[in-house]
Amino acid sequence: NIQESPYRWCVRESAMWGIATGTAMSIHRLRMGSNPFFAVNVGFATTLLVTVPSYYFCFRRREHKYKVIELMMKANDFQTHEEMPAEPKIKEHPFLKDDNEKKLTNKEYQAYLKERKEWQTQTPTQDAADVFKEVKGSPSSKSS
């Protein structure tokens, strides 16, 4: 199916460039006084001459991009989305709290941790309650 193909944008982009250059070439040949039959043939030839290589290079570029992403995921021990664990149940979710009214509310937390590179001295592991502070202006704190 064309709609599900990851290369449909390559077809679209290359066809648009081919049509644009073919049209421009036909108009140019007509403007220069060529026979209209010859100008249209030059336009079609230009369209094919631009569309085919454009699709090829776009296809190869996207294919290389997918391979690089897959290689990076393997190198960093990431898994594909099919192998992801199931999401936690709402009642077991760490950032949602069950109120007395049995109504779940969102809480907003902020943490200010300076990002460090691997070669820099790392910050020691801290308790989450010391790092994450509840935002006072969040919707849940206004309703409480």
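Caption draft 1: Seen up close, helix 1 (residues 8–31). Taking 1.5 Å of rise per residue, 24 residues should cover 34 Å, and helix 1 covers 34 Å from first to last C-alpha, within 8% of that figure. Every buried residue of helix 1 is listed here: Cys10, Ser14, Gly18, Gly22 and Ser26. Those residues of helix 1 that are buried are in contact with helix 2 (36–75). A positive phi of about 95° marks Gly33, the residue just after helix 1.

Caption draft 2: Here's a closer look at the packing of aromatic side chains. Scanning the model with the defined rule gives three aromatic pairs in all. On the numbers, 5.5 Å between centres and 70° between planes, the contact of Tyr56 with Phe57 is edge-to-face. You can call Tyr56 partly exposed: its relative accessible area is 43%. Here the aromatic cluster, defined as three or more aromatic residues joined through ring pairs, consists of Tyr7, Tyr55 and Phe59.

Caption draft 3: Highlighting helix 2. For helix 2, which comprises 40 residues, the first-to-last C-alpha distance of 58 Å matches the rise-based estimate of 58 Å (1.5 Å per residue) to within 8%. All of the buried residues in helix 2 are Ala39, Val42, Gly43, Thr46, Thr47, Thr51, Cys58 and Phe59. Buried positions along helix 2 lie against helix 1. Phi turns positive, to about 60°, at Asp77, one or two residues after helix 2.

Thresholds, definitions, all that
- Residues numbered from 1 in each chain as written.
- Predicted model: local features only at pLDDT ≥ 70, side-chain atom pairs only at ≥ 80, totals over all residues.
- Heavy atoms only, no water.
- Helix = DSSP H or I, 4+ residues; strand = E, 2+ residues; numbered from the N terminus.
- Expected span 1.5 Å × (residues − 1).
- Buried < 20%, exposed > 50% of the residue type's maximum accessible area, 1.4 Å probe, protein only.
- Contact = heavy atoms within 4.5 Å.
- Phe/Tyr/Trp six-rings, centres within 6.5 Å; stacked < 30°, edge-to-face > 60°.

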